[in-house]
Structures are given as C-alpha cells and as structure tokens.
Amino acid sequence: MALPIAAAAPRTSLLQTREALRRAMSEEMRRDPTVFLMGEEVAYYDGAYKVSQGMLHEFGPERVIDTPIAENGFSGLAIGAAMAGLRPIVEFMTWNFSLVAFDQIINNAAKIYQMTAGAYHVPIVFRGPNGAAEALGSQHSMAFESIYAHFPGLKVVSVGTPKDAYGLLKSAIRDNDPVMFMESEMLYGMKGEVPDEEFLIPIGKADLKRDGTDCTLVTWNKQIHTCLAAAEQLEKEGISCQVLDLRTIRPLDEQALFDAVCKTHRMVVVQEGYTFAGVGAEIAARVTEACFDQLDAPILRITNKDLNQPYNPTLEKMVLPSVDRVKDAVKLVCSRGKGA
Amino acid sequence: MTPEPLERMRQMVRIRRFEERCAELYSQTKIRGFLHLYIGEEAVGVGVMGALTDDDQIVATYREHGHALARGVDAGALMAEMFGRSNGCARGRGGSMHIADVSRRFWGGFAIVGGGLPIAVGLALADKTLGRAGVTACFFGDGATEEGAYHEALNLASLWKLPVLFVCENNQYAMGTALSAHAADTELTHEPRAHGIVAERVDGMDVVAVEQAATRALEAIRRGDGPRFLEFMTYRFRAHSMYDADKYRDKTEIARWKARDPLALYAEYLLAEGLAARADLDAIDAAAMAEVDAAVAFAEQGGLEPIEDLTKDVYTHDVSARGAP
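The rules behind these values
- Residues numbered from 1 in each chain as written.
- Chains lettered and ligands numbered in written order.
- Predicted model: local features only at pLDDT ≥ 70, side-chain atom pairs only at ≥ 80, totals over all residues.
- Heavy atoms only, no water.
- Helix = DSSP H or I, 4+ residues; strand = E, 2+ residues; numbered from the N terminus.
- Rg over C-alpha atoms; globule rule 2.2 N^0.38 Å.
- Buried < 20%, exposed > 50% of the residue type's maximum accessible area, 1.4 Å probe, protein only.
- Contact = heavy atoms within 4.5 Å.
- Salt bridge = Lys/Arg side-chain N within 4 Å of Asp/Glu carboxyl O.
- Pairing = 2+ DSSP bridges.
- Axes fitted to C-alpha atoms, helices over the stretch in contact; angles between N-to-C directions.
- Domains from an automatic or database assignment.
- Buried area = accessible area lost by both parts, 1.4 Å probe.
- Right-handed = clockwise from strand over helix to strand, strands pointing away.

Asks: Describe the overall build of chain B, and please don't skip the residues or the numbers.
Replies: Secondary structure assignment for chain B yields 12 helices and nine strands. For chain B, whose C-alpha radius of gyration is 19 Å, the value lies close to the compact-globule estimate of 20 Å for 325 residues. Each of the three principal axes of chain B carries a C-alpha extent, and together these read 55 × 50 × 40 Å. When the 325 residues of chain B are sorted by exposure, 59% land in the buried category. The contacts of chain B with a sequence gap of at least 6 include a subset with a gap of at least 24, amounting to 75%.

What follows is the structure, given as structure tokens:
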C-alpha cells in the first residue's frame, strides 16, 4: 500500500526586513516597467538604511532615482507622474521628513481622485521608517499612522515582520490608491522566514500573531514584538493574551477587532505615537460603539507618553510602550469589570 | 499649429463673455464658493494654448476658466461644474477651483498656491519616461514664486531636463499684496535663471507676442533643452475674487492697464491689418454670447449628483479597467 505523500512544506528563506522590502520592490519593478523608486540616497548611496541596496545596479538611474533634499517637490512630482501613468515608490528617509511634503500628500495625493470624480487616480506608495529608533531625539522619532489615517483617500499600512513587509509592500505597489507604507528602523535588520514563492498579503487584513483567551493586545509595527514578549511573560503568570497585528490602519479591519473582543472581552491597544486622537482612541471608540455588550472592561491604551521624545536614555525609554507597561495594563484590564 | 488670426480673437471673446456671465450668475447664487475671474488676462491663456498641441498637458490654478475654455474643455461641462451639477466636467465634485478634463489632458484645479508646480514636473517626467511627445505647460501667478514648492519644482525640472513650460502670469498682485511688497527681487526671470532655466519677460496683453514667445520656448523644450520659463506681464481687471472689495489698487493704475485691454488691442490689430472686418468681430461676439447661453442652459438642465453617490470615488475600486490617462 502506497503511503500518502506529505505535502512538501513551502520553501522559505530567512530574510531581514530590508531584504524582504527590497525583494518586493525588485519583483514589482521586473513585473511592471512603470514602477520606479525615488527618494533621497536611494541610488548611489544604496539607501540610507540599505533597503534599496543593489537596485541601481539592476534597474539603472532612470528607475532608481536620487532626489535632492526637497520632499515637497519630489513628492508632488511623483504624484504628477502617478496621475500620468507611472507607479512611483517614494522613499522618505524617515516619515518625519514627510511633514515637509504634507501639502502634496494631503491636498493632491489624497484628494485628486475624488475632486476629479475619478478622472485621475494616484497609484503611489510613500514608504520609509516610522516611529522611534534609539537616541534620535525629538524630530526623528515620531509615529505617523494616526496623522495619515485621518485623511480619506489615503491607505495606511504599518508592518512589523519581514513576511508582512514583503507581502504588503507588493500589494501596496499594485494598489491604485496612495498608500502610506510604514516600516521601522529598528526592524530593518530583524530576520524572519519568508516563503520563496511569490505571494501577496491583502491591504486591510489584520493577522493574529498569537492566540489567547483572556485579553486581546491590538498592535502593529515594532510594538508587535513588545506585545509578544509581554504575552509570553503573562502566560507564565496565568493570563492568556492574544496579539492581533492590524498591519493596515486604514482601511481598518473592524471585523478582526470585533471578533477578538467577542472572544476575550478585554482589549488593550499598544501603539507608538501620541495618546491624543491616536489610532488607539479610534479603535476604542469603534469597538465600544459596535461591541459595548461584549466588553467586560473599558479598553485601555498604551501609547507614547504625551510629550516629545527626549534624548536622555532613561527618559527616552519611559516615553515608549514597554513590556512592563503592557503587562500592567493587561493586569489592570483583567482586574476590572465583569468576571474579574 | 499657429491658429488663424480670427481664432485668437474668438477664444479671447469666449472667455470674456463666459466670465462676465459667471459674475452675474454668482450674484444670483447659481455659482457658489470662491470665483476668481481671469478677465484682463485672456491673452496669456489663449496665446499659450495656441502654441500647444493635443499631446501636451496643462496644469493651471484656481483662476482657470479661461485656460479650460482655450484648451477646448466644453463650455457647457465647465458651466455645469460651476453650478455643481452632475453634468459638470467633474460631476460637480470640483467646482470653480477644480476643473479637470482628461480628454484634453487638462488639469486646472490646483487651489493651493504653488501646489501645481511639482505636479506639472511629474506629469512631464511621466511623458518623458513613457516616450510620449508632450510638454507640460504649468500656469501660476506671481504670488506662487515665493512658495518653496516653486523653487523645488524649478530645480527638479532643470536638474532632470524635463519638458515643462513654466508660465508665470504676473498680474502684479498676490491677492491684495503688490509684487513689490511680496518679492525681494521683482525681476521674476532672475530666479529661474538661477536654477539654470532660460527665462524671458513678455507683454502679456499682446496675444501674438504671447503665442510667439510660447512657440519659441516650446521649440527649445521639444528639442530636449529642458524647461523654459516665460513671465507674462498682465493684469486682472476684476478683483481677486467676488469677495474682494479691491481697495488696494489705485484707480489710475487699473485705468492704465484697461487701456491695454488684450481684446481691444487685438481687435485694433486685426482691423488695421485688414485681417478682419468689423462685421467679423460682431459675429465672433454673437457666437460667443450664444455659446454662453447654451452653456448656461446645459448647466441648468443638469441634476445634482445623487445622495447614493456621496461615498463614491473616495478610493479606486474599478480603476484598473480604465487605464491611465
């Protein structure tokens, strides 16, 4: 009797996040000649964080384009190019520099499709590192998800693993709307398994990174790893947490949030960025509006402290979400309300 | 491409009559919001458009009805857009400040001063990259020349030798602030030259001079010389917008410019050169009035976009089927 042949496990490779991003861009550029990369230091310098390393060599200076330090100018230029048939990927050396391009992103990229009743669309990706790295002080440490998610017309993706970075960047490049694609300087060197066979991850779908029963930690980007570490420690203390990685902030995967709260009845949102009018506030409002009866306790938020990033290493750590802050919030939310 | 002499007159008269009617319709609240009239500046739009081809792209500002008409955007669709009706060129989504028509490669609606300049450079990059022949003509006022986006766009276009015709409509005022009060250097050709762009100042009230300058500049751009810059000296005869009491301009200054009305100047030229008879000019005027009447009737016929469509076209859904403009 012939034994059934086990399905071969998909072949994977251990990639750094920067390599996964590069693979995604390079594949899309081979597939579609209208895709190109532009930004500060992306070509001859090989990328400030080496995401685009080697791409100039493969694609040449017409498709991997170094720009002057003129974010408003080159962002607007890329939006115009997108309106007229190209598919630009614009790298911001950090999302902090996107503030200089805010007028072009909001008044043009986000609005042109609606303003022209669908005559022009803007298939463009703005991407780069987002959130705090280390010791970069006040003007290089902000997280921008809530800022850009505020505006209809934009999509906002924020990734925390090499596999998600690859699959979502490919979807972002193929998307016909402007996508704000947020990475993390702290994760560029982080390695993870990525299937060798090409795949896409749809924009707008959250991913359960860890299963659990007592409380849901909602997070994205590098705070996934803070939450996973906290959940691991809490498990040993008898509290079972699931970690829901949103991956996309806008459009928000409401169903995944509602399903999670129906299961655990308790929720903590862990995000970088300021508390006031942050993504966590939006999630808490939407989940409460839709699932009030399912909640056993109020949703809590762990965010950056409501102040700008200090350089002093002790204070710097205190501003950001941490394993201890997350654990304390989970314990608090589990001690309150029904069934506590 | 040079239009026949009467065509320039026809285009300028169409714009003048259309906008005079717009002012009336505004006081009847048929047109709402901000309304910025181009009256007095017609020779610039008409002269430049006369030198362009169908392959070229146009970026203009919130004062763009004249550019749209001269480019061949249908007067009815334009009027309907200003009425906010669904038969408007942007289904009533845009209004006076956001006129677009892909079929004419016309995007007029950049209502943030200077915001259209980087876009124009990008449209030109796309044409160059995709091997299309077009030049992008980018219109803006003297007020835009102090914006950072202006300098960034000039530098990028010059650095990458992109096919852009920068058209500065120097009407002497950034809203209510005179050029001498907003520009440290009032010679507006200096800054483009500093960015390595050949720049020329031209009489913007003389439609032939405008067209000839644009033709020369376009020849150089089409040769691959990179962008060119033209500064047209012009003047708006009306206030900045319908809300503006126009208290910052001296009456004698307005009278001096009105004495050089581009329509009157060109009519005199046509008559003096024997290129037109008075009856020809009267016929042009009558045809323009009839076109405006028809445009208003078309706009009146249009409905408002239905409430069910409110959330349509915020994000693309079926855009892949349509392809790029």
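That shown, we press on.
Asks: Which residues make up the pattern of salt bridges, and what are the values?
Replies: A complete count under the given rule lists 49 salt bridges over all chains for this structure. With its nearest N and O atoms 3.0 Å apart, the salt bridge here joins B:Arg249 to B:Asp246. Neither B:Arg249 nor B:Asp246 differs from the other in exposure class; each is buried. Connected through shared salt-bridge partners, A:Arg23, A:Glu27, A:Glu28, A:Arg31, A:Lys170, A:Arg174 and A:Glu198 make up one network.

Asks: Give me the sheet that holds strand 5 (residues 164-170) of chain B: which residues, what numbers.
Replies: Residue and element names in this part refer to chain B. Sheet architecture is open: seven strands sit in the order 2-3-1-4-5-9-8, paired in mixed fashion. The open sheet has two free edges, formed respectively by strand 2 (100-101) and strand 8 (198-203), since each of these has just one partner strand. Lying over the sheet, helix 9 (residues 207-225) contacts strand 5, strand 8 and strand 9 (228-233), oriented at roughly 170° with respect to strand 9.

Asks: Mind laying out the side chain of A:Asn176, listing which residues take part and the relevant values?
Replies: The topology assignment puts A:Asn176 in the loop between helix 7 (162-174) and strand 7 (179-183). Classification of A:Asn176 as buried rests on a relative accessible area of 13%.

Asks: Explain the domain arrangement of chain A to me, and be specific about the residues and the numbers.
Replies: All names here are of chain A. Partitioning chain A into structural domains gives domain 1 (15-195) and domain 2 (207-336). Each of domain 1 and domain 2 has a C-alpha centre, and the two are 26 Å apart. On the side of domain 2, 23 residues touch domain 1, which itself brings 33 residues to the contact. Both sides of the domain 1 and domain 2 interface together cover about 2,000 Å² of buried area, and 54% of this is carbon and sulfur.

Asks: Could you give me a rundown of the pairing of strand 7 of chain A, with the residues and numbers involved?
Replies: All names here are of chain A. Extensive coverage of strand 7 is indicated by the burial of five of its five residues. The two faces of strand 7 match: Val179, Phe181 and Glu183 on one face and Met180 and Met182 on the other face are all buried. Note: strand 6 (residues 155-158) against strand 7, four bridges, orientation parallel. In the sheet register, Ser158 faces strand 7, and the bridge partner there is Met182. Tracing the backbone out of strand 6, into helix 7 and back to the parallel element strand 7 gives a crossover that is right-handed.

Asks: Describe the sheet that holds strand 7 of chain A, listing the residues and the values that go with them.
Replies: All names here are of chain A. Read from one edge to the other, the open sheet built from seven strands follows the order 3-2-4-5-7-6-12, with strand pairing classed as mixed. At either end of the open sheet lies a strand with only one pairing partner, and these are strand 3 (64-66) and strand 12 (248-250). Averaged over all neighbouring strand pairs, the angle between strand axes comes to 20°, with direction disregarded. Two strands pair when backbone bridges link them, and strand 5 (residues 125-129) and strand 7 are joined in this way by five bridges, in the parallel orientation. Counted as the bridge partner of Val125 is Val179 from strand 7. The sheet strands contacting helix 3 (residues 71-83) are strand 2 (35-39), strand 4 (87-91) and strand 5, and the helix crosses strand 4 at an angle near 165°.

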